[in-house]
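# Structural overview for review
Listed below, chain by chain, are the residues.
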Amino acid sequence: MLKPMTTVLVAVLAGAGRPAMADWLTIEKPRASLVYEEGALTPPEAARFADLLDQGIADVESYLRPAAPDGLRDGRITYRVGAELPYSMTRGRTVSLMVERVRTDSAPYLHETVHVLVPSPNRSVWLREGFASYVESYVSENIGGYDAHVFTRTGNRGVDAEAARWLSREAGRTVLP
């Protein structure tokens with residue numbers, strides 16, 4: 001269902017630090033809400049991406065639920081898509097994605113979904129990001145959706161060969177003990 005939102009104050013720095021005004025549209029799905037700048041996506045692009053988000057949440061949940069004895073975070077996840085976002089990020093239950101990456105099927109929606117479902121605020125960055133990247137690749141390779149290749153070029157199937165290539169170079173060997 002497509003619902004226009006009232007004009008919303010967007011926290012995007014415009015010019016001399018003044019917030020910009022934009023009209024935002026929302027598509028509600030059972031697991032996901034897609035909120036996007038009017039004109040950023042065509043209605044078919046927005047509908048397709050909203051379906052992909054909703055299915056992506058179900059796919060990530062189906063993979064993680066057996067290993068999550070304390071459960072995953074429940075409730076709808078909001079995905080904001082805009083042109084002025086500098087990078088993808090997650091804050092609470094809201095994921096922000098750059099519109100250009102959504103249009104080119106390179107937005108890390110599965111990776112960011114993992115951050116929402118399995119928050120790890122006190123874990124190290126490499127563990128938190130590595131886990132989200134692993135789950136993103138596993139789900140896209142075995143269940144559905146696409147891999148944005150946030151930290152790898154080849155996903156889980158090629159990560160060993162990718163690591164070997166890096167370690168064969170001088171710069172790669174500097175990380176070894």
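Figured I'd write up the structure that's included with this text. (Residues numbered from 1 in each chain as written. Predicted model: local features only at pLDDT ≥ 70, side-chain atom pairs only at ≥ 80, totals over all residues. Heavy atoms only, no water.)

### Some details on the pairing of strand 8 (residues 94-98)
Regular strands place their side chains on alternate faces of the sheet. Burial runs high along strand 8: four of the five residues are buried. Examined bridge by bridge, strand 6 (residues 77-82) and strand 8 share five bridges and lie parallel to one another. Residue pairing in the sheet places Gly82 in a bridge with Met98 of strand 8. Two strands pair when backbone bridges link them, and strand 7 (residues 89-91) and strand 8 are joined in this way by three bridges, in the antiparallel orientation. Bridge assignment links Thr90 to a residue of strand 8, and that residue is Val95. The antiparallel pairing of strand 7 with strand 8 creates a hairpin that spans two residues between the two strands, and Gly92 there sits at a positive phi of about 65°. (Buried < 20%, exposed > 50% of the residue type's maximum accessible area, 1.4 Å probe, protein only. Helix = DSSP H or I, 4+ residues; strand = E, 2+ residues; numbered from the N terminus. Pairing = 2+ DSSP bridges.)

### Brief notes about the packing of aromatic side chains
Within this structure, the stated rule accounts for four aromatic pairs. Taking 6.0 Å as the distance between ring centres and 75° as the angle between the ring planes, the aromatic pair formed by Phe49 and Tyr109 counts as edge-to-face. Of this pair, Phe49 sits in helix 1 (residues 43-64) while Tyr109 sits in helix 3 (residues 109-117), placing them 60 residues apart in sequence. Here Phe49 and Tyr109 have matching classes, each one buried. Relative to Tyr146, the ring of Tyr109 lies with its centre 5.0 Å away and its plane at 65°, an arrangement referred to as edge-to-face. In this pair, Tyr109 sits in helix 3 while Tyr146 sits in the loop between helix 4 (125-142) and helix 5 (155-167), placing the two residues 37 residues apart along the sequence. (Phe/Tyr/Trp six-rings, centres within 6.5 Å; stacked < 30°, edge-to-face > 60°.)

### Regarding the packing of helix 1 against helix 3
Running from N to C, helix 1 and helix 3 point in directions that differ by 50°, and their axes come no closer than 10 Å. In terms of their interaxial angle, helix 1 and helix 3 are classed as oblique. Crossing geometry of helix 1 relative to helix 3 is assigned as right-handed. Two secondary-structure elements touch here, helix 1 through Phe49, Leu52, Leu53, Gly56, Ile57, Val60 and Glu61 and helix 3 through Tyr109, Leu110, Thr113, Val114 and Leu117. A class-by-class count of the residues in the contact of helix 1 with helix 3 yields nine nonpolar, two polar and one charged. (Axes fitted to C-alpha atoms, helices over the stretch in contact; angles between N-to-C directions. Parallel < 35°, antiparallel > 145°, perpendicular 65-115°, else oblique. Left-handed = near helix turned anticlockwise from the far one by under 90°. Contact = heavy atoms within 4.5 Å. Nonpolar A, V, L, I, M, F, W, Y, C, P; charged D, E, K, R; others polar.)

### Considerations on the nonpolar core
With 34 residues, the main nonpolar core has Leu34, Phe49, Val81 and Leu97 as its most contacted residues. Listed by contribution, the elements that provide at least two residues to this core are strand 4 (24-28), strand 5 (32-37), helix 1, strand 6, strand 8, helix 2 (99-103), helix 3 and helix 4. Ignoring sequence-local partners within four residues, the contact set of Phe49 consists of Leu34, Val81, Leu97, Val102, Tyr109 and Tyr146. (Core = buried A, V, L, I, M, F, W, Y, C linked by side-chain atoms within 4.5 Å.)

### Some remarks on helix 4
The terminal C-alpha atoms of helix 4, which comprises 18 residues, lie 25 Å apart, in line with the 26 Å expected from a rise of 1.5 Å per residue. Here helix 4 has its buried residues at Ala132, Ser133, Val135, Glu136, Ser137, Val139 and Ser140. (Expected span 1.5 Å × (residues − 1).)

### A few points about unusual backbone geometry
The phi torsion at Asp105 lies on the positive side, around 50°, for a residue other than glycine. Tracing the backbone shows Asp105 in the loop between helix 2 and helix 3. On the basis of relative accessible area, Asp105 is assigned to the partly exposed category, the value being 32%. Of note in this structure, His149 is not a glycine but carries a positive phi near 55°. Assignment of secondary structure puts His149 in the loop between helix 4 and helix 5. On the basis of relative accessibility, which here comes to 33%, the residue His149 falls in the partly exposed class.

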